[in-house]
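# Structural overview for review
Given next are the chains, with one letter for each unit.
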2 protein chains.
Amino acid sequence: MSRKVPKRVFLTEDQMPTKWYNVRADMKEQHAPYLHPGTMQPVTLDDLLPIFCTELAKQEADNVTRYIDIPEEVQDFYKIFRPSPLIRAYELEKALDTPAKIYYKFEGNNTSGSHKLNSAAAQVYYAKEQGLSGLTTETGAGQWGTALAMACAYFNIPLSVFMVKVSSEQKPYRKAIIETFGADLIPSPSDTTNIGRKILQEHPGTGGSLGCAISEAIERAVSTPGYRYVLGSVLNQVLLHQSIIGEEAKMQMEVIDEYPDIVIGCAGGGSNLGGIMAPFMRDRLEGKRHPYFIAVEPASCPSLTRGRYAYDFCDTGHVTPLAKMYTLGAGFMPSPNHAGGLRYHGMSPIISKLYHDGYLDEAVAVEQTKVFDAATIFAKNETILPAPESSHAIRVAIDEALKCKESGEAKTILFNLTGTGYFDMHAYMDYKEGKMNDYVPTDADLEQGFATLPSIPGIQ
Amino acid sequence: MSRKVPKRVFLTEDQMPTKWYNVRADMKEQHAPYLHPGTMQPVTLDDLLPIFCTELAKQEADNVTRYIDIPEEVQDFYKIFRPSPLIRAYELEKALDTPAKIYYKFEGNNTSGSHKLNSAAAQVYYAKEQGLSGLTTETGAGQWGTALAMACAYFNIPLSVFMVKVSSEQKPYRKAIIETFGADLIPSPSDTTNIGRKILQEHPGTGGSLGCAISEAIERAVSTPGYRYVLGSVLNQVLLHQSIIGEEAKMQMEVIDEYPDIVIGCAGGGSNLGGIMAPFMRDRLEGKRHPYFIAVEPASCPSLTRGRYAYDFCDTGHVTPLAKMYTLGAGFMPSPNHAGGLRYHGMSPIISKLYHDGYLDEAVAVEQTKVFDAATIFAKNETILPAPESSHAIRVAIDEALKCKESGEAKTILFNLTGTGYFDMHAYMDYKEGKMNDYVPTDADLEQGFATLPSIPGIQ
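Residues numbered from 1 in each chain as written. Chains lettered and ligands numbered in written order. Predicted model: local features only at pLDDT ≥ 70, side-chain atom pairs only at ≥ 80, totals over all residues. Heavy atoms only, no water.

### Topic: the relation of the copies chain A and chain B
- Least-squares fitting of chain A to chain B yields an RMSD of 0.0 Å, with the superposition described by an axial translation of 0.0 Å and a rotation of 180°. These values place the two chain copies in the arrangement generated by a two-fold rotation axis. Rotation axis and chain A: the residue whose C-alpha lies nearest the axis is A:N109, separated from it by 2.9 Å. (Least-squares fit on C-alpha atoms with pLDDT ≥ 70 in both.)

So, in structure tokens, the structure goes:
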């Protein structure tokens with residue numbers, strides 16, 4: 001079949017963007033400042049330096065520099081797996097019999113299996129540049145831990161990963177790949193930190209939680225000379241690094257004379273949607289174009305659709321700064337039956353602000369059986385097995401394409417396919433066997449979470 | 001860093017080869033004919049038609065047509081994941097401190113995780129074209145079963161996969177991905193075939209074997225109207241389809257003004273080496289160039305380095321035609337401790353003939369701890385986690401690069417990286433924990449295998 005647009009649109013290495021785009025420089029209003037968890041006063045750069053690499057702390061605070069140069073060494077690393085392809089979903093379109101044109105940016109074709117490597121590469125580079133001795137982080141589902149272990153192997157810097165204990169037991173292969181790349185993996189809670197020992201004493205036999213793992217990782221970082229803590233989502237710096245996804249996608253669409261009518265990304269902490277939307281949001285903020293943005297979240301953890309826009313802790317352990325964001329409350333416990341990630345109680349402050357101010361047009365919450373229905377249709381037709389997280393975006397892309405079938409409109413739909421599902425086969429098995437759980441929190445469940453929101457004198 | 005040669009060399013969709021190369025058309029002598037297992041006479045096309053698709057049976061027999069058109073529908077399928085990148089191993093070269101230039105063709109960036117999809121796409125297309133009702137196959141490690149399930153989902157044709165029972169239990173995720181693509185997976189031996197029931201009666205509780213799974217798959221194919229059997233390695237047709245790997249690699253090297261001094265592929269059944277070497281072997285057979293070819297096999301299953309060049313059955317069940325090839329005897333039992341594939345007792349008749357006649361220069365057998373040493377060095381530097389099979393080629397590529405370091409020669413090395421190790425983490429864990437088994441068969445072990453070679457009056 002002769003097609004005007006190729007199945008996969010590539011850029012050459014020379015065409016790869018050399019700058020990240022900082023959307024905050026174009027935002028009419030900034031998100032509210034982070035607050036120090038002790039004083040409840042806006043954090044200063046100095047507050048952040050014991051936790052974060054200096055350069056990353058600066059990026060976290062920078063809301064004026066529109067474009068930030070990607071260091072040459074990071075560009076070299078990116079060239080191992082970037083530019084990534086933009087793919088026209090011809091086969092999916094045919095299966096849906098839709099006039100819509102569906103494109104996806106595929107970030108899963110690197111060994112980490114996800115887009116997390118874009119920020120891992122940058123964060124580890126800056127740590128190396130600063131002459132740090134090592135890094136700590138936490139990982140839940142394991143994508144971030146894998147990406148960071150790969151980047152640390154490449155830049156030759158030690159890494160300790162605190163992995164939620166129950167995850168490290170349920171996902172021994174994730175543990176194995178992280179260790180193959182040379183990282184030290186500690187099931188959390190552990191007896192290697194004060195907070196870990198305290199939790200173990202209070203809750204013997206606990207399987208751990210992301211909140212506990214964060215607390216242990218931060219304690220290890222601040223108590224080990226030359227160590228810092230790194231994080232794979234939510235933060236401004238992460239959205240900055242992930243902007244390369246959207247920048248490439250925009251260039252690739254220009255090559256084939258396309259521009260998206262609809263831009264779709266899944267939203268857990270915000271790194272996925274933040275990445276794909278970046279240059280299109282720039283067009284929107286500049287008033288040049290008006291693409292329609294959709295964030296997709298799991299119905300089991302609906303921070304944008306049912307959460308509150310309020311100051312909250314970023315972790316359940318209450319050791320991180322507070323951010324103003326859409327949140328279910330740091331004490332909200334998402335269903336353990338939900339496959340994959342996207343189970344974060346809060347949302348990137350940038351995404352939250354854009355949604356609150358109406359620049360992000362719509363948030364949709366989807367139930368997981370319908371997500372896996374979409375993943376399976378996609379896999380059979382496009383022959384890529386998508387990660388459960390990314391499949392949330394596939395679900396809504398399919399729904400939008402089916403609306404086009406009804407209306408006869410040939411809209412151009414772009415979504416971000418950030419990961420592969422190789423390590424999520426257990427969820428696919430549950431789906432296949434009809435064991436999927438479509439839990440949706442009741443209003444009472446949500447109230448329990450909201451009750452954990454902090455009360456801040458003079459603010460909320 | 002500004003580099004003359006990019007990290008990844010891509011071809012555009014338009015540049016993708018439109019013909020497969022049939023190396024037999026250039027071979028000075030052909031491999032000996034297949035023999036019918038009943039009559040021990042050369043097989044005819046008619047003998048093959050109840051088992052194989054008609055077009056594939058013709059390709060199996062064709063030793064005169066130099067180039068065979070890739071059907072347009074297969075080209076469309078290929079474009080979902082092809083052309084695949086040729087990658088310069090800059091990071092590995094640096095780690096080895098070698099003057100050698102190392103390139104690898106990366107076939108692992110599709111969801112099946114391996115090059116097997118190249119032949120699966122072709123075989124399923126021809127089955128569809130012939131109007132067949134369905135296909136059967138067997139799978140051991142699971143790469144072929146996964147690739148075939150994907151191709152059958154794409155062309156919408158039913159598939160039954162007989163998976164070695166112990167593998168289906170050890171690798172539930174392989175089973176899950178095959179089922180996600182809609183294939184029917186039957187642990188073998190099963191009570192769904194006569195041969196399966198017979199084996200279950202004689203060996204209750206057996207974990208099965210590849211030989212048994214082949215026999216069940218063939219029985220199911222010949223006893224079900226409109227069904228045929230397909231196979232992912234060894235056969236001439238498979239090497240034909242895999243030639244696209246080498247054809248692309250040669251074009252990519254031309255783009256950057258390179259030509260390999262050494263071409264390396266792992267060798268189990270032969271589809272990997274056969275694919276990468278194809279156009280370079282053409283140059284060799286035409287007397288134009290003289291690249292050095294190395295086949296790499298596991299020391300635990302050394303068909304080329306320690307086997308006999310003789311007629312043998314292609315399966316342990318003795319239902320397939322006999323082929324003249326390097327073999328350890330169809331009754332040879334490779335160590336169950338060997339990770340991954342490459343555990344086949346025989347070798348592609350084409351590869352065998354080329355090796356016997358001196359066109360394939362060298363065969364090397366490597367022990368698996370050294371293979372995983374190489375895999376780990378490669379993963380940490382190139383950030384791709386290689387499949388155990390492909391890591392055999394990495395081992396020898398590294399060894400050749402280290403020889404260059406000794407001699408100061410800047411040789412150009414090309415190897416075939418046909419798969420990723422996502423589903424082989426258990427082997428990586430064993431390696432990490434020092435539990436790897438470096439079993440090498442004794443001469444007495446080999447004699448037991450050779451004792452199972454058939455005696456054919458007037459021939460051997």
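What follows continues from the structure just given.
### What about the packing of aromatic side chains?
- If you walk through the whole model with that rule in mind, you get 39 aromatic pairs over all chains.
- Ring centres of A:F77 and A:F81 lie 6.1 Å apart, and the angle between their planes is 85°; on these two criteria the pair is classed as edge-to-face. In this structure, A:F77 and A:F81 share a single accessibility class: buried.
- Here B:Y154 and B:F155 contribute two aromatic rings whose centre-to-centre distance is 4.9 Å and whose plane-to-plane angle is 90°, an arrangement assigned as edge-to-face. Both residues of the pair, B:Y154 and B:F155, belong to the buried class.
- Its end group placed over the ring of A:Y21, A:R282 keeps NZ or CZ at 4.6 Å from the ring centre.
- Its guanidinium or amino end placed over the ring of B:Y259, B:R289 lies 3.8 Å from that ring's centre, counting from NZ or CZ. (Phe/Tyr/Trp six-rings, centres within 6.5 Å; stacked < 30°, edge-to-face > 60°. Buried < 20%, exposed > 50% of the residue type's maximum accessible area, 1.4 Å probe, protein only. Lys NZ or Arg CZ within 6 Å of the ring centre and 35° of its normal.)

### With respect to the nonpolar core
- If you look at the biggest cluster of nonpolar residues, it comprises 163 residues, and the most contacted ones within it are A:W20, A:I264, A:F415, B:W20, B:I264 and B:F415.
- Core analysis: the next-biggest nonpolar cluster, separate from the first, contains 36 residues, A:A249, A:L273, A:M347 and A:Y355 among them. (Core = buried A, V, L, I, M, F, W, Y, C linked by side-chain atoms within 4.5 Å.)

### Concerning the sheet that holds strand β8 (residues 184–188) of chain A
Residues and elements named next belong to chain A.
- Taking strand neighbours across the sheet as the criterion, the 4 strands line up as β8-β7-β6-β9 in an open arrangement whose pairing is parallel. Two strands lie at the open edges of the sheet, namely β8 and β9 (227–229), each paired on one side alone. Averaged over neighbouring strand pairs, the angle between their axes works out to 25° when direction is ignored.
- In the packing of helix α6 (residues 143–155) onto the sheet, the strands contacted are β6 (134–139) and β7 (159–164), and the crossing angle to β6 comes to about 160°.
- Relative to the sheet, helix α10 (residues 210–223) contacts β6, β7, β8 and β9, its axis offset from that of β6 by approximately 175°. (Pairing = 2+ DSSP bridges. Helix = DSSP H or I, 4+ residues; strand = E, 2+ residues; numbered from the N terminus. Axes fitted to C-alpha atoms, helices over the stretch in contact; angles between N-to-C directions. Contact = heavy atoms within 4.5 Å.)

### Quick word on helix α14 (residues 349–356) of chain A
All names here are of chain A.
- Of all 8 residues that make up α14, 7 are buried, and the element is covered over most of its length.
- Inspection of α14 places P349, I350, I351, S352, K353, L354 and Y355 among the buried residues, and these make up the whole buried set.
- Looking at the packing, one finds that the buried side of α14 touches α11 (236–255), α12 (271–285), α13 (303–306), β12 (308–313), β13 (322–327) and β14 (362–366).
- Measuring from the backbone nitrogen of I350 back to the side-chain oxygen at the start of α14 gives 3.2 Å, which picks out S348 as the cap. (Polar contact = N/O pair within 3.5 Å; in protein donor to acceptor, adjacent residues only side chain to side chain.)

### Let's talk about the pattern of salt bridges
All names here are of chain A.
- In this structure the tally under the stated criterion is 50 salt bridges over all chains.
- We note a salt bridge from E107 to R82, for which the minimum N-O separation is 2.6 Å. Placement of the pair is E107 in the loop between β5 (101–106) and α5 (116–129) and R82 in the loop between α3 (72–78) and β4 (86–88), with a sequence separation of 25 residues. In this pair, the class of E107 matches that of R82, namely buried.
- Where E247 meets R282, a salt bridge forms, and the shortest distance between an N and an O atom there is 2.7 Å. Of the two residues, E247 is situated in helix α11 and R282 in helix α12; the sequence distance between them amounts to 35 residues.
- With relative accessibility at 9%, the residue R282 sits in the buried group.
- When salt bridges with common partners are traced through the structure, they connect D26, R66, E286 and K288 into a single cluster. (Salt bridge = Lys/Arg side-chain N within 4 Å of Asp/Glu carboxyl O.)

### A word on the packing of helix α15 (residues 368–382) of chain B against helix α17 (residues 425–432) of chain B
Residues and elements named next belong to chain B.
- Where α15 meets α17, the axes come as close as 11 Å, and the angle between the chain directions of the two elements is 105°. Relative to α17, α15 is oriented roughly perpendicular. Residues T369, F372, D373, A375 and T376 of α15 lie in contact with α17, whose contacting residues are A427, Y428 and Y431.
- When grouped by side-chain class, the residues that make up the contact of α15 with α17 number 5 nonpolar, 2 polar and 1 charged. (Parallel < 35°, antiparallel > 145°, perpendicular 65-115°, else oblique. Nonpolar A, V, L, I, M, F, W, Y, C, P; charged D, E, K, R; others polar.)

### Comments concerning unusual backbone geometry
- That bond from A:R82 to A:P83 is cis: its omega, -10°, falls within 30 degrees of zero.
- Checked against the element boundaries, A:P83 lands in the loop between α3 and β4.
- One non-glycine residue, A:T383, lies in positive phi territory at about 55°.
- Note that A:T383 resides in the loop between α15 (368–382) and α16 (388–407).
- In this structure, B:V234 takes a positive phi of about 65° despite not being glycine.
- In this fold, B:V234 is placed in the loop between β9 (227–229) and α11 (236–255).
- Take B:V234: its relative accessible area is 6%, and that puts it in the buried class.

### Overview of the interface of chain A and chain B
- With 45 residues of chain A in contact, the opposing surface of chain B contributes 45 residues.
- The largest contributions to the chain A side of the interface with chain B come from A:Y173, A:T383 and A:Y422, which together make up 17% of the buried area.
- Across the chain A-chain B interface, the total number found is 0 salt bridges.
- Linking chain A with chain B are 17 residue pairs in polar contact (both at pLDDT 80 or more), by the criterion used here.
- Per element, the largest residue contribution to the side of chain A that touches chain B is 6 residues, and it comes from helix α8 (residues 172–180) of chain A.
- Here the side of chain A that touches chain B is composed, by residue class, of 23 nonpolar, 9 polar and 13 charged. (Buried area = accessible area lost by both parts, 1.4 Å probe.)

### Looking at α15(B)
Residue and element names in this part refer to chain B.
- If you check α15, its first and last C-alpha atoms are 20 Å apart, about what 15 residues at 1.5 Å a residue would give, namely 21 Å.
- All of the buried residues in α15 are Q368, V371, F372, A374, A375, T376, F378, A379, N381 and E382.
- Downstream of α15 by one or two residues, T383 has phi in the positive range, about 55°. (Expected span 1.5 Å × (residues − 1).)

### Here's the deal with the pairing of β6(A)
Residue and element names in this part refer to chain A.
- Most of β6 is tucked away, with 6 of its 6 residues classed as buried.
- Burial along β6 is two-sided: G134, T136 and E138 facing one way and L135, T137 and T139 facing the other are all buried.
- In terms of strand pairing, β6 meets β7 through 5 bridges, oriented parallel. Within β7, the residue paired with E138 across the bridge is F162.
- For the crossover that starts at β6, traverses α6 and ends in the parallel β7, the hand is right-handed. (Right-handed = clockwise from strand over helix to strand, strands pointing away.)

### Let's talk about the environment of A:Q130
Residues and elements named next belong to chain A.
- Mapped onto the elements, Q130 comes out in the loop between α5 and β6.
- For Q130, a relative accessible area of 31% gives the class partly exposed.
- Spatially, the C-alpha atom of Q130 lies 7.4 Å from that of C53, the residues being 77 residues apart in sequence.
- In this view, Q130 contacts C53, T54 and R228; residues no more than four positions away in its chain are not counted.
- One polar contact links the side chain of Q130 to the main-chain amide nitrogen of T54, over a distance of 2.9 Å.

### A few points about the confidence of the model for chain A
- Residues of chain A with pLDDT of at least 70 account for 99%, and the chain-wide mean is 94.
- Two summary scores accompany this predicted model of the complex, namely pTM at 0.94 and ipTM at 0.91. (pLDDT = per-residue confidence, 0-100.)

### As for the sheet that holds strand β8 (residues 184–188) of chain B
All names here are of chain B.
- Spatial ordering of the open sheet is given by β8-β7-β6-β9, a layout of 4 strands whose pairing is parallel. In the strand order of this sheet, the two ends are held by β8 and β9, each with one partner. Strand after strand, the sheet turns through a mean of 25° between neighbouring axes, direction not considered.
- Running over the sheet, helix α6 (residues 143–155) touches β6 (134–139) and β7 (159–164) and is turned about 160° from β6.

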